[in-house]
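Residue-level structural notes
Here's the letter readout for the chains.
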Amino acid sequence: MTRRALPVIAVVAVVGLGLDLLIGYSPVIGYGAGIGLFGTILLTIVAKQVMAPALQRSEDYYPEDASPEVEHDVHGVRRDLDDDTDHASRSGHPGRGEAGGGA
Amino acid sequence: MSDLLLHPAWPLLIAAVLVRVLPRRPGQLLSLIAPVLALAGGLTLTDGTLVTAPLMTFELELLRVDRLTTAFGVVFAVAALLSVIYGLATQPIGERGVALAYAGAAMGVIYAGDLLTLFLFWELKAVTSSFVVLSRRTHRSNRAGMRYLFFHIAGGKLLLGGLIVQYQTTGSLTFTAFESGVAGWLVLAAFALSAGVPPLHAWLKDAYPTASVAGTVFLSAFTTKAAVYALIRGFPGSQVLLYLGVIMATYGVLYAILENDIRRLLSYHIISQVGFMVTAVGIGTETALNGATAHAFAHILYKGLLLMGMGAVLYATGRSRASDLGGILNRMRSVAVLYMIGAVSISSVPLFSGFVSKELIPYAAGQEELAWLVIALKVVSVGTFLSTGLKLPYATFIGTRGLGPATEDGTDRVVVKPVPVSMYVAMGGAAALNIAIGLYPPLLYDLMPTEITRAPYALGPVVEKVQLLVMTVLGFWLLFAMLGSKAKINLDLDWLYRRLPVLISAHRAERTLARADTPASARTRAVTSTRTGGRAVLARVFEPPEDDTPDVVATWTLGGVLLATAALLLIVSLL
């Protein structure tokens, strides 16, 4: 995201706070803005600083999940997808199908 | 009895069989007509319709119609139609057949008036949805599909146990709200498993991203939403659901912020959003149940659209990890725009469907003066926008950290294939519905179980929501570096059955041999040899060779599933 968005955010925030003051809907002025900003910070910190160090592992942690970089069974040559005959030969071979069959 | 002919499940179940035997084009046409007929049936059947049939000593309620069933029936038919269109160019006949059967079974769950009919369709749904996962026929989907099957067969046994206890206790099998007791807890566990309530959720994030692109769209629509329907019917106002729902919503969104796989991220979001619905069921007021139904209805449309968008990216690029993507916006503009319609809808941006549906749930919590719940749900909403509306589309389409520069100068490392027209048609249909509901809420509200009097577009809620969304954008900008996608996987509770047994067995073998009184060199050889042998056996169970017999019939996996199922049956019988 570029810095060009910042003035837009600032304008919308000021207008939003002004309207908040006028209509008196929120329990406190800037209630929605506060939840938006602090919610983002809270969730990001919990996810990235607390959970990530404990839970993240390399991509080959489960060998079966370490699929090839490009999933060939969805990428490449189109095949006649209403023909099931080639499916039996694809069983058990990750990423070896022809194309288009799904992700 | 003639009403039974209008049962929306029949066209889908019949088409599921016929598409296997008809030639290609007529089969495709039939698979499009079947959801339309189901939709027509759902709209034709009137509130209060009840069709019963005797079976031994039971009086089965094969078809029961009220406003709740109609709401779910209509959206299931629409979802089936959009999913079929989406998969027209990519889905093999076999997969399309089981997907239609799955949609029909889910429809049967919705219209079942008694627990026995519900159980039969529930089991059919479990088996057919497993085959949707298995239909991709890769090593990964086969393994995940078998785990999915085990979970859902286990859930079915819990439901069967609850059904039997309920009959013994009350002498009735009519599907109404449960009283607390053994039957209620067993059935609640079955429904919670199918809804993906933690700690019974790991099957969802495990299996959904491994299915085909069209298969995942089908899966996202039916299993968890049928469970939400069942919870609304069976456990309105259950306090435990209120707390489980909040945990679920938060859990899903935190994992979504961490996740790198584009479809697994959206799978975690299903858990999070279903958490909103489960919370609403726990609140249990009319407004809350309307909110759960409205959110389920709209969620099927916008989550389907999001998965269609990311499925299109995967189809076009062959890449499923956000860290491998980026810089493809100028070659997938239409997909990006359609995806963003889904993203702003799920994020409750005013004028889109989420704002008129999901926002009913915090509103209902506010009516009950549950301030902590309102704040918790709004914070989770922030996470929804952050991950599906900002992080994921940025990493996928724009980000420069990926391998795909945004130019067509021949230096591209990400090849972007054309996306079939049918995918665009399905995404366009879903996007149009999300916008239509957002612009004209009565389209949705008129289908809800009870009348909705709340005016969604009052100035106050709109201003508050805009503030929240804008500040989330600011937070994203401030924390941009921290939110980047990393090429990592995230451990979840599936670790307990995918990794822990291997670690325990290896550790035991090591300890046993360490205690043995053998000379050092011989002991080292023995340990090494036993470790190698033990790991080979465990690898056969947990990670069989890729060129081995197809996993669907692999004796170890299937045997494990059958053994565990038999153990569950025994427990249920003892109960």
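Worth saying up front: this structure is predicted, and the values here are computed from it rather than measured.

The next thing to look at is the nonpolar core. Residues L12(B), F76(B), A103(B) and L231(B) are the most contacted members of the largest nonpolar core, which totals 207 residues. Looking at this core element by element, the count peaks at 20 residues for helix α12 (residues 286–317) of chain B.

Here we come to unusual backbone geometry. Residues and elements named next belong to chain B. Cis geometry is found at the peptide bond from P198 to P199, where omega equals 10°. Locating P199 in the fold gives a position in the loop between α7 (182–195) and α8 (202–207). Positive phi is not limited to glycine here, since R137 has a value of about 60°. As for its placement among the helices and strands, R137 is situated in the loop between α5 (115–134) and α6 (139–170). The phi torsion at L351 lies on the positive side, around 80°, for a residue other than glycine. Relative to the assigned elements, L351 resides in the loop between α13 (333–346) and α14 (353–357).

It is worth spelling out the domain arrangement of chain B at this point. Residues and elements named next belong to chain B. Domain boundaries assigned for chain B yield domain 1 (1–197 + 209–230) and domain 2 (236–498). One C-alpha centre belongs to domain 1, the other to domain 2, and the line joining them spans 24 Å. Listed as interface residues are 27 residues of domain 1 and, on the opposing side, 34 residues of domain 2. For the side of domain 1 that touches domain 2, the secondary structure elements donating two or more residues are α3 (67–86) and α9 (213–234). Looking at the side of domain 1 that touches domain 2 residue by residue, the class counts come to 18 nonpolar, seven polar and two charged.

When you line up the elements, A431(B) lands in helix α17 (residues 421–439). C-alpha separation for the pair A431(B) and L305(B), spaced 126 residues apart in sequence, amounts to 6.9 Å.

Residues and elements named next belong to chain B. Taking 1.5 Å of rise per residue, the 32 residues of α6 would be expected to cover 46 Å, and the 46 Å separating its terminal C-alpha atoms lies within 8% of that figure. Burial of α6 is extensive: 25 of the 32 residues sit out of reach of the surface. G171 sits one or two positions beyond α6 and adopts a positive phi of about 75°.

One way to put it is that helix α2 (residues 31–55) of chain A packs onto helix α10 (residues 239–258) of chain B with a least axis distance of 9 Å and a crossing angle of 70°. Overall, the two elements α2(A) and α10(B) adopt an arrangement that is roughly perpendicular. Contacts from L43(A), T44(A), V46(A), A47(A), M51(A) and A52(A) in α2(A) reach V253(B), L254(B), I257(B) and L258(B) in α10(B). Here the contact of α2(A) with α10(B) is built from residues that sort into nine nonpolar, one polar and no charged.

With that out of the way, let us pick up α12(B). Residue and element names in this part refer to chain B. When the terminal C-alpha atoms of α12 are compared, their 46 Å separation across 32 residues agrees well with the 46 Å that a helix rising 1.5 Å per residue should span. By the largest-angle criterion, H299 marks the main kink of α12, which is about 30°. With 31 of 32 residues buried, α12 lies mostly within the body of the structure. Taken from the residues just after α12, G318 is the one with a positive phi, measuring 75°.

The rules we used
Residues numbered from 1 in each chain as written. Chains lettered and ligands numbered in written order. Predicted model: local features only at pLDDT ≥ 70, side-chain atom pairs only at ≥ 80, totals over all residues. Core = buried A, V, L, I, M, F, W, Y, C linked by C-beta atoms within 7 Å. Buried ≥ 20, exposed ≤ 12 C-beta atoms within 10 Å, placed from the backbone. Helix = DSSP H or I, 4+ residues; strand = E, 2+ residues; numbered from the N terminus. Domains from an automatic or database assignment. Contact = placed C-beta atoms within 7 Å. Nonpolar A, V, L, I, M, F, W, Y, C, P; charged D, E, K, R; others polar. Expected span 1.5 Å × (residues − 1). Axes fitted to C-alpha atoms, helices over the stretch in contact; angles between N-to-C directions. Parallel < 35°, antiparallel > 145°, perpendicular 65-115°, else oblique. Bend = angle between axes of the 7 residues up to and from the residue.

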